[in-house]
Amino acid sequence: MPQLSDAINRISPSPTLAMSARVGELKRAGVDVIGLSAGEPDFNTPDFIKEAAIAAIRNNDTRYTDVDGTPALKAAIADKFARDNGLTYALNQISVNAGGKHTLFNAFLATVQAGDEVIIPAPYWVSYPDIVEFAGGTPVILPAGANQLYKILPEQLEAAITPRTKWVLLNSPSNPTGAAYSADELRALGEVLIRHPHVMVLTDDMYEHIWYADTPFATIAQVCPELYERTLTVNGASKAYAMTGWRIGFAGGPAWLIKAMAKLQSQSTSNPSSISQAAVVAALTGDQSFLVERNAAFRRRRDLVVAGLNAAPGLHCPTPEGAFYVYPDCTGCIGKRTPEDKVIETDSDLIDYFLDHARVAAVPGIAFGVSPAFRVSYATSETILTEACKRIRDACEKLS
Ligand SMILES: Cc1ncc(COP(=O)(O)O)c(C=O)c1O
């Protein structure tokens, strides 16, 4: 009889990592499968960042550091928030953690308990509800479909807030949809939150630098200074700097919360890798021009994938303004029959059909809270994406 805790039994393994594992198995078995399920850039970590890590090893920067980040990295993060977001954080308002997921985990574990509600717009990143549930809180899901470009509306937010609401979580640009809120849209949501002073705001800005809109990226504490005291602004090195394996995430926010997160970290992971921290100092303070080049490559891929998927019968793919995901609505495929006479009843059925027939792996919308739809990650070459879209189109054309 396994002696597992209620907390661990409340959560499930990450469905996106499970699909990546399935793709890995098929590839090892020699199957020509195209994996569009992984949430990481295909680019390498830039050389100047790798050099800083090598220098850190040579300089014996290999010991424990301050629990929630070196002063050098905290200073670089404070400069980043000032430069990119117009936000001022003192060093005791900055937390450095082992990846953005760890930042979120610390923040929710330090604040959420039974009876607390956390408002999560859907489609959501798969880990949000599970982290809240692990902490003992209740996720309150606010669905926003393709008809509203996957963005919640102020009146939806207003209606969801109760005396038990502890946090509202925002993620722009979004994983899984790529939807990005403009400064005006954020301000409208912020005006709702200003009226509810007991609610804290966690904004996950992990995809800040992968941005295609004509207006600049905005974050809620910047456009609503009234919320600064109760906003945790989360960001990290993983996506912009192609550093997923280095495991550095960070946040700026109220000193009392940052201190509580450090307390939790002091009793769990201790400091994030000293070498990774040195590398992220270089990433944040070095020449940022490569971000523009990579952004241009991502934009070309987005355009290719949106056009390719919209040409497939039954799919409707909105054009996202950030991140490296698209989230086509597949209502038009539901109820159709495969060549083997199997009815496609759900987005999971469609994704299984794509994997079996088209040899393309994506992630069903059921994992992200809005169905029927699926997530495609376009962080791969244009050649591969062209082939993947062709395979998906052929598979959709074979449905009757
Ligand atoms: C929206 C969002 N937030 C946070 C993270 C976590 O990033 P990290 O790899 O730094 O833990 C991810 C990673 O997929 C993400 O998509």
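Keep in mind that what you see is a predicted model, and the values were worked out from it rather than measured.

Criteria and thresholds
Residues numbered from 1 in each chain as written. Predicted model: local features only at pLDDT ≥ 70, side-chain atom pairs only at ≥ 80, totals over all residues. Heavy atoms only, no water. Near = heavy atom within 4 Å. Polar contact = N/O pair within 3.5 Å; in protein donor to acceptor, adjacent residues only side chain to side chain. Areas by Shrake-Rupley, 256 points an atom, 1.4 Å probe, with all protein chains shown as cover. Pairing = 2+ DSSP bridges. Helix = DSSP H or I, 4+ residues; strand = E, 2+ residues; numbered from the N terminus. Axes fitted to C-alpha atoms, helices over the stretch in contact; angles between N-to-C directions. Contact = heavy atoms within 4.5 Å. Salt bridge = Lys/Arg side-chain N within 4 Å of Asp/Glu carboxyl O. Buried < 20%, exposed > 50% of the residue type's maximum accessible area, 1.4 Å probe, protein only.

*Asks:* Explanation requested: the site of the ligand in the structure shown.
*Replies:* In the neighbourhood of the ligand, 13 residues make up the surrounding shell, with Gly100, Asp204, Ser238, Lys239 and Arg247 lying closest. With respect to the ligand, the side chain of serine 238 contributes an N or O atom lying 2.6 Å from an oxygen atom. Here arginine 247 contributes a side-chain N or O atom positioned 2.7 Å from an oxygen atom of the ligand. For the ligand, whose unbound accessible area comes to 390 Å², protein coverage reaches 92%.

*Asks:* Any chance you could explain the sheet that holds strand E4 (residues 138-143) here in plain terms?
*Replies:* Picture the strands of a sheet paired through backbone hydrogen bonds; they go either parallel or antiparallel. What the 7 strands build is an open sheet, ordered E2-E8-E7-E6-E5-E3-E4; its pairing is mixed. Each edge of the open sheet carries a strand with a single partner, namely strand E2 (94-97) and E4. Each strand axis lies, on average, 20° off the axis of its neighbour in the sheet, ignoring direction. Bridge analysis of strand E6 (residues 200-204) against strand E7 (residues 231-236) gives 4 bridges, and the strand direction is parallel. Paired with valine 201 across the two strands is threonine 231, which belongs to E7. With respect to the sheet, helix H10 (residues 255-266) is in contact with E2, strand E5 (165-171), E6, E7 and strand E8 (249-252), its orientation differing from that of E2 by roughly 25°.

*Asks:* Just checking my understanding: could you explain the pattern of salt bridges for this structure?
*Replies:* When charged atoms on two side chains of opposite charge get close, those side chains can pair. Throughout the structure, instances matching the rule amount to 20 salt bridges. Between arginine 391 and aspartate 32 there is a salt bridge; the shortest N-O distance is 2.6 Å. In this pair, arginine 391 is assigned in helix H14 (residues 382-397) and aspartate 32 in the loop between helix H2 (15-28) and strand E1 (34-35), connecting sequence segments 359 residues apart. Exposure remark for aspartate 32: the relative accessible area of 51% places this residue in the exposed category. Two residues, glutamate 158 and arginine 195, come together in a salt bridge whose shortest N-O distance is 2.7 Å. Taken together, the positions of glutamate 158 in helix H7 (residues 154-160) and arginine 195 in the loop between helix H8 (183-194) and E6 put the pair 37 residues apart, joining distant regions of the chain. Judged by relative accessible area, glutamate 158 falls into the partly exposed class, the value being 28%. Each of Lys80, Arg83, Asp84 and Glu208 takes part in a single network of salt bridges with overlapping partners.

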